[in-house]
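One letter stands for each residue in the lines below.
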Amino acid sequence: FSRTPYIIFGPGKFSCLTDLPLVKNARRIILVIGGKSFENTPQYAWITDELKKLRIEVLNIKVTGEPSPEIVDRAVSECRGLKIDTVIAIGGGSVIDAGKAISAMILKNEPVIAYVEGVGTGKIHDGTKIPFIAVPTTAGTGSEATKNAVLGQVGSNGFKNSLRHENFMPDIALVDPELTLTCPSNVTASSGMDALCQLIGSYMSTSASPLTDALALSGIEAVRDSLIDVSTNEPGNIEKRTKMSYAALVSGITLANAGLCVDHGFASSIGALFKIPHGTICGIILPETVRLSINVMMINKDENEYYLRKYARLGEILAGAHSENIDKACDALVEFLQNLKNGLGL
């Protein structure tokens, strides 16, 4: 079981950020944020003011859209040679992935593409990095608890591949569900479906273990109880926002240890060709990939009974079906996922 970050979790915990030794003892930090959404929050005004009081020099880097190697290289070139004590990324999965890559590359002289799996020159990163703190403002990717940074470019020669090393796991994950309250409904829905995809994918993975299964199922129950409401009629429900932040966090932990399934394989390929939010792709194709996987397993039902029973268990948790009847429970699971996708307007 891979290491996890030191996790600080709960509503209002953002105020702990400047008490952390990696922050209060720093003299110069890189602050990676997204477009304008976080800048318009009271939390941004607070952190800016607090860092000023601590006399910490802040180098601001903005990341809009999903991170490309060019974005990372540009940021690194601006900061290379400076004594950076800590990198803090506050934002969605793209911002956290960018921050993760920046912390990993600032001590290197090569472009980041050289180290990216599948598209680079095959260079192996030694894992040295600047200390990194991840602060998610969405509940979806779980990047605050993974050891890889997904980078890509969109187009006919596009790709979405990872810069990966065990040491790239954030040193600290500070998860405050209050930061997700300002997420628009479409971002909430898309992010939440990404988390659900990752939870189901790691639960059904052939590399799953009893430990990842326990975490994945608890996250799936949290999604069941909260995603529709926070994406539609209860966006300000902090209890349900907290459940979604928990689900996203454990989805990162489980995917880092168990891997994922075919829906994420397709999502990466589609995301390399078209500029569509990753979670939206996941949510759209999840019912079909689950249906097709079940149908293929049903051809040799006895041989695949273990995994069909796991799908049936998901049908019980999400749709209230009786898992003893595998066929009906699997059908109920697919129907639930289809209705969820439609209910979220994907």
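Our subject is the structure listed above.
Here goes a summary of the coordinates provided. (Residues numbered from 1 in each chain as written. Predicted model: local features only at pLDDT ≥ 70, side-chain atom pairs only at ≥ 80, totals over all residues. Heavy atoms only, no water.)

**A closer look at the nonpolar core**
- Within the largest apolar cluster, 45 residues are counted, with the highest numbers of intra-cluster contacts made by L196, I200, I220, L286, V290, Y311 and L314.
- Only α5 (185–204), α6 (210–231), α7 (238–258), α9 (278–299), α10 (305–319) and α11 (326–343) provide two or more residues apiece to this core.
- For this core, the element with the highest residue contribution is α5, accounting for 9 residues.
- If we ignore the near neighbours within four places in the chain, the residues touching V290 are Y311, L333, V334 and L337.
- V95, I102, A104 and V112 belong to the second largest nonpolar core, which has 32 residues in total. (Core = buried A, V, L, I, M, F, W, Y, C linked by side-chain atoms within 4.5 Å. Buried < 20%, exposed > 50% of the residue type's maximum accessible area, 1.4 Å probe, protein only. Helix = DSSP H or I, 4+ residues; strand = E, 2+ residues; numbered from the N terminus. Contact = heavy atoms within 4.5 Å.)

**Thoughts on the packing of aromatic side chains**
- Under the criterion given, the structure shown has 4 aromatic pairs.
- Relative to Y44, the ring of F38 lies with its centre 5.6 Å away and its plane at 80°, an arrangement referred to as edge-to-face. Considered together, F38 and Y44 belong to a single accessibility category, that of buried residues.
- Grouping aromatic residues by their ring pairs yields a cluster made of F14, F38, Y44 and W46.
- The ring of Y203 has K310 lying over it, and the distance from NZ or CZ to the ring centre is 4.3 Å. (Phe/Tyr/Trp six-rings, centres within 6.5 Å; stacked < 30°, edge-to-face > 60°. Lys NZ or Arg CZ within 6 Å of the ring centre and 35° of its normal.)

**Re the pattern of salt bridges**
- Under the counting rule described, the total for this entry stands at 20 salt bridges.
- One salt bridge in this structure joins D49 and K53, with 3.6 Å as the shortest N-O distance. Of the two residues, D49 and K53 both sit in helix α2 (residues 42–53), 4 residues apart, roughly one turn of that helix.
- Take D49: its relative accessible area is 36%, and that puts it in the partly exposed class.
- Its relative accessible area of 57% is what places K53 among the exposed residues.
- Between K108 and D126 there is a salt bridge, and its shortest N-O distance comes to 2.9 Å. Of this pair, K108 sits in the loop between α4 (93–105) and β5 (132–136) while D126 sits in the loop between α4 and β5, and the two are 18 residues apart along the sequence.
- Assessed through its relative accessible area of 12%, K108 is described here as buried.
- Taken together, the shared-partner salt bridges in this structure form one network comprising D49, E50 and K53. (Salt bridge = Lys/Arg side-chain N within 4 Å of Asp/Glu carboxyl O.)

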